[in-house]
Structure formats: structure tokens, C-alpha cells
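Overview (structure and organization)
As a plain string of letters, each chain reads:
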Amino acid sequence: MEIKTRFAPSPTGYLHVGGARTALYSWLYARHNNGKFVLRIEDTDRERSTQPAIDAIIESMKWTGLNWDEGPYYQTKRFDRYNQVIDELLEKGLAYKCYCTKERMDEVREEQQRQGLKPRYDGHCRDEDPSKHSPDEPYCIRFKNPTSGKVGFEDQIRGYIEFDNAELDDLVIRRTDGTPTYNFCVVIDDWDMGITHVIRGEDHINNTPRQINIYKALGAPVPVFAHVSMILGDDGTKLSKRHGAVSVMQYRDDGYLPEALINYLVRLGWGHGNQEIFTMEEMIEYFSLEGISKSASAFNTEKLLWVNSQYMKTLPPERVAEELQWHMDNQKIDVSNGPALTDLVIAQRERCKTLKEMAEVSRYFYEEYSEYEPKAAKKWFKANSAEALERSLANLKNVTDWNDIESLETAFKSVAEDMQVGLGKVGMPLRLAVTGCGVSPEMGITMKLVGRERSIARIEKTIAYLKANASAEPTA
Ligand code: GLU
Ligand code: ZN
């Protein structure tokens, strides 16, 4: 039998990292078993479903690399099918028309509350003869849930879970306005789409017995269920916006690599020994439902940052550059005029934890800076800085191969020796001159990437600045 899983988000907002993790587990399970992965948009709630939310889900799935083999299916396009099955259930006497008015239902509920009972439908119309109602009288359709016995399932994460049928009332499967309801659509979809394993959030455990009873009434195979625990914030409550970023695309915006986010999410609630970093191939190979933890996991941004920096350092620079390009565009840095992004990645990846940060600290490779970083300038621009720069410049102009990092390094290091000053007194003014910043990769590589012409022009400009400044207000 071919394994088939699905991710079935309701498009009412951005894709939450919790949803992404559920999608990832479903995806991995399908990939591990050479099965299929289906994307289904559960948009039956027309009030709350939006096109931007659908777009955000699809964008998030694409960015994280969770590719689907079928879909996206849309529940709103399948109403005819749901209604056809409902009609069949009616014909077979497995569902019935309920003519109860809102007033009657309110009375029943009040009476139940008075008696301290759980509010539920009392089965009033279950065995009633519908012919006594006029054709234009409004009704909804309810599923005939078994009234006795138990309904249970072997949850692949949590073990056997069982409910008393007496606890479940007769679910509305078609509303008075003719629209099918959520719990019914899910069953028909999973049946029609041949889903063998339903991996979803634990908030759906209570829907499962109702859904199983519908499968049974239809004579449809009941899929295997696995309910994943939730993700908590650092304070032990359910992860939400209060804890910081929760949307997948926000993590892209914040400078994370999708590979890192996926690796972090797979470990958040699943393990294979103590291994922390997995290639995608390893994740697929090792993934199992038994490895998923029953307890809730706490989201830890520090650890995610660590995973991200690991990936920045170890992925092929070409791959990191692809993602970096997005951040350069986002920060409006035109990279056509400067070093190749792969070279930039190699120069910066040890010192940056995110791609957003990498873009932020790399602007000077592509554009002129507008001021010297004030703190660094105050600390390093001294009376002898102009001389240090003039001497360095003279040496640099003699470097025949600007790609020869050694020669670029020697050109200013020898000045420190000649002037008998510490290396910082030459290197730091030079760094400020070439980058405008107090921090950059080593000066040899920095000057190489900034380029000969640009480096020389910036040093000349800084010498002029220092001289003008020295005559105005001398620094000692
Ligand atoms: N649409 C449901 C949700 O977003 C998921 C339903 C399911 O996985 O069965 O919570
Ligand atoms: Zn009724």
C-alpha cells in the first residue's frame, strides 16, 4: 500500500511554525516511505479564510522546501462531492434531517445546564418521520452517531485513545444553509485522497472519534492517526505572537536559512539519538513516528540561532548566496556593483549569525558609506592616522595583484613596523577608511573584495578628511 500523508491548513493567517512542523513531519513520513504528500487548503470557513493567507501558506511551503505531490486541493471546490455523500448517507438512513429550531435548541441547552449536564443535541429528530414537515421548512442534516459502545484508535504518538459513543452527539454535517461542515469534509477528503496517515496537531484529538464513526458508516478505511504535541514559548504557554516571531516567513525576513529552520523544527519534538544537525537525506532516512515526543516542546530562539550559524558556515556558499540575495534586495543593496555574493558569504559567514545581519554589515562592499562609524572613528582616528594611511596607500599602490591577499596585508602591516606603532593604529584607520566601519573581515580580504579603485579612492578621501579635521580641531 502506498503511504500518503497530507498537510491541511486552514487559511486564516500566516503559517505558524507549529503548523510548519506538523507539515514537516507529514512530509518526512511520506518521503521516508517513498509515499505521497498532499497539500489541502481547508477553506470551508469562508468568513475567516483569505487569499493572502493561502498565498502565505504556499509561499512558506515553497521556501521551506516542503514540496507536495498533489494539490493544493481546496475544500470550497468540493462542495458538490460532500453533498453527494451526505445525500447517500440520508438515503441509507445513516444521517437524518433535523428540524429543530434555534429556540428549541436553546431550551434543551438550558435544561441540560440546569441538570449539570454537558450541552449536546438530544437526538429529538433522529427517529422522526420527516414527511410530517413541509418541504420549505428549514433543516440541517445530522450524522447518526452510534449511541453505545466505544470508539478508539491507536495514536502513533500517544498510544490507545478511546471515547464512549454516549459522549458524542449527532454531529451536524450539513448546515441549514446547505454548506457541509468541517469534520465531515475532512473525512471525505482524506478518504477520496487516499490518505493513509493523518499527522496533525493534538487539538484535533477530540475530533477523531467523530471522524472515525463517519469513516465506519461510509465503509471507508480508517487512516492511522498521529497527534503531535504543541510548541510552547519560553514561559511554558502555547507559542504565540507574544513570544516573538511565529510565522515561517518572519523567520525568512529575520535572516534564517530554510534549511536551518527545518532542522531546528524537526528536532523540536523529534530525535534520533543526540544528533542535532541533519542533512535532508538523513532526516528522511531516520524519520519515524515513534521518534516523536509526546510532551510539548519549548521554542528556543538561541538554539535556532546556533543552528542557523552552523548552516551558514557549512552549506555551499552558492546556496547561502541565493538566500542572501533576497536580503540584499530587501535592504535595497544593488549587488551588481561589487563582489560576487559567494565571495561575500565566505568572507562574512564566520562573523554573522543571520543573513539579515550579513546584509546589514556588508553595504560598503557595494555602496559608498556616508559617515564613519562614530564610536570607532573617535577611538581610532588620531593625529598620526593620516600619516599611517598615506604610507599604507603608497604601499598599496605598488601591489601589482590586488587579488593577492598576502601582499595587501603586508602593505599596511609593514607601515606599523616602520612607524613603530601597534598594528591597530594602522589597521583600524585603514578599516575605517575602506569600510566606514569599526568591524569588517580581515583587511586583506576586505580590500580585495571592495576592489582596488574603490579602496584607493576611499583611503584618499579619508586622508583628506583627517587633514581637514586636524587643522580644524586637532586630536591628540
Ligand atoms: N485544518 C485543520 C487545521 O488547520 C487541520 C485538520 C486536520 O489536519 O485534520 O487545524
Ligand atoms: Zn432536531
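Just above sits the structure.
Everything numeric here is computed off the predicted structure, so don't read it as measured data.

**Examining the overall build of the protein**
When its secondary structure is counted, the protein shows 19 helices and twelve strands. The C-alpha radius of gyration computed for the protein amounts to 32 Å, which surpasses the reference 23 Å derived for 476 residues by more than 25%, pointing to a less compact arrangement than a globule. Per-residue burial over the protein gives 50% buried out of 476 residues. Sequence separation of 24 or more characterises 75% of the internal contacts of the protein that already satisfy a separation of 6 or more. As presented, the protein carries roughly 22,600 Å² of accessible surface, and 49% of it is formed by carbon and sulfur atoms. One way to put it: in the protein the 61 positive side-chain charges average out to a point 2 Å from where the 73 negative ones average out.

**Here's the deal with the site of ligand 1**
As a matter of local geometry, ligand 1 sits amid Arg6, Ala8, Pro9, Ser10, Glu42, Tyr182, Val186, Arg200 and His204. Between a nitrogen atom of ligand 1 and a side-chain N or O atom of Glu42, the distance comes to 2.5 Å. Protein contact buries 82% of the 300 Å² of open area that ligand 1 shows by itself. Its residues assigned to classes, the shell around ligand 1 shows four nonpolar, two polar and three charged.

**Re the packing of aromatic side chains**
Overall, the coordinates contain 15 aromatic pairs when judged by the stated rule. Ring centres of Tyr251 and Tyr256 lie 5.4 Å apart, and the angle between their planes is 65 degrees; this geometry places the pair in the edge-to-face category. Like Tyr256, Tyr251 is buried. Measuring from ring centre to ring centre gives 5.5 Å for Tyr369 and Tyr372, while their planes differ by 55 degrees; the resulting arrangement is tilted. Comparing Tyr369 with Tyr372 shows no difference in burial state: the two are buried. In this structure an aromatic cluster arises from ring pairing among Tyr25, Trp270, Phe278, Tyr286 and Phe287.

**Quick notes on the state of the cysteines**
Following the criterion strictly, the structure yields zero disulfides and no others. There is no disulfide at Cys352, and the cysteine sulfur nearest it, in Cys437, is 11 Å away. Residue classification places Cys352 among the buried residues on the basis of a relative accessible area of 3%.

**Quick word on the coordination of the zinc ion (ligand 2)**
Coordination of the zinc ion (ligand 2) by the protein is provided by Cys98 (SG), Cys100 (SG), Tyr121 (OH) and Cys125 (SG), with metal-donor distances spanning 2.2 to 2.3 Å. Around the zinc ion (ligand 2), the four donor atoms sit at angles spanning 100 to 125 degrees, and that spread fits a shape best called tetrahedral. The exposure class assigned to Tyr121 is buried, which follows from its relative accessible area of 4%.

Quick notes on the rules
The written sequence of each chain sets the order in which its residues are numbered from 1. Both sets of labels track the order of writing: A upward for chains, 1 upward for ligands. Local features in this predicted model are restricted to residues of pLDDT 70 or higher, and side-chain atom pairs are both shown and tallied only at a pLDDT of 80 or more, whereas totals for entire chains, interfaces and linings draw on every residue. Hydrogen atoms and water are omitted, and side-chain values are computed over all heavy atoms in the structure. Helix and strand labels come from DSSP, where a helix needs a run of H or I of at least four residues and a strand needs a run of E of at least two; each type is numbered from the N terminus. Computation of the radius of gyration draws on C-alpha atoms, with the globule rule given as 2.2 Å multiplied by the number of residues to the power 0.38. The classification of residues rests on relative accessible area computed with a 1.4 Å probe and restricted to protein chains. Under 20% of the type maximum is buried, over 50% is exposed, and intermediate values are partly exposed. The contact definition used throughout considers only heavy atoms, calling two residues in contact when any of these lie within 4.5 Å. Computed with a 1.4 Å probe, the accessible areas rest on the Shrake-Rupley method; for each residue, only the protein chains presented here act as cover. Only four residue types enter the tally: Lys and Arg on the positive side, Asp and Glu on the negative side; His and the chain ends are excluded. In this description, the location of a charge corresponds to atom NZ of lysine, CZ of arginine, CG of aspartate or CD of glutamate. Residues are labelled near a given molecule or strand when at least one of their non-hydrogen atoms is within 4 Å of it. Two N or O atoms count as a polar contact when they lie within 3.5 Å, although within protein this holds only if one can serve as hydrogen donor and the other as acceptor, and sequence-adjacent residues are included solely when both atoms are side-chain atoms. Note on residue classes: Ala, Val, Leu, Ile, Met, Phe, Trp, Tyr, Cys and Pro are nonpolar, Asp, Glu, Lys and Arg are charged, and everything else, Gly too, is polar. Under the pairing criterion, centres of Phe, Tyr and Trp rings, with the six-membered ring standing for Trp, must be within 6.5 Å; the plane angle then separates stacked pairs below 30 degrees from edge-to-face pairs above 60, leaving the rest tilted. Two cysteine sulfur atoms form a disulfide, by the criterion used here, when they sit within 2.5 Å. Here a donor is an N, O or S atom found within 2.8 Å of the metal, or within 3.2 Å if the metal is Na, K or Ca; sites may look incomplete because water is not among the atoms. Square planar and octahedral assignments, for four and six donors respectively, both demand that opposite donors be over 155 degrees apart and that all other angles lie between 65 and 115; tetrahedral needs four donors with all angles between 85 and 135 degrees, and anything else is irregular.

Shape is all these values report; function is a separate question.
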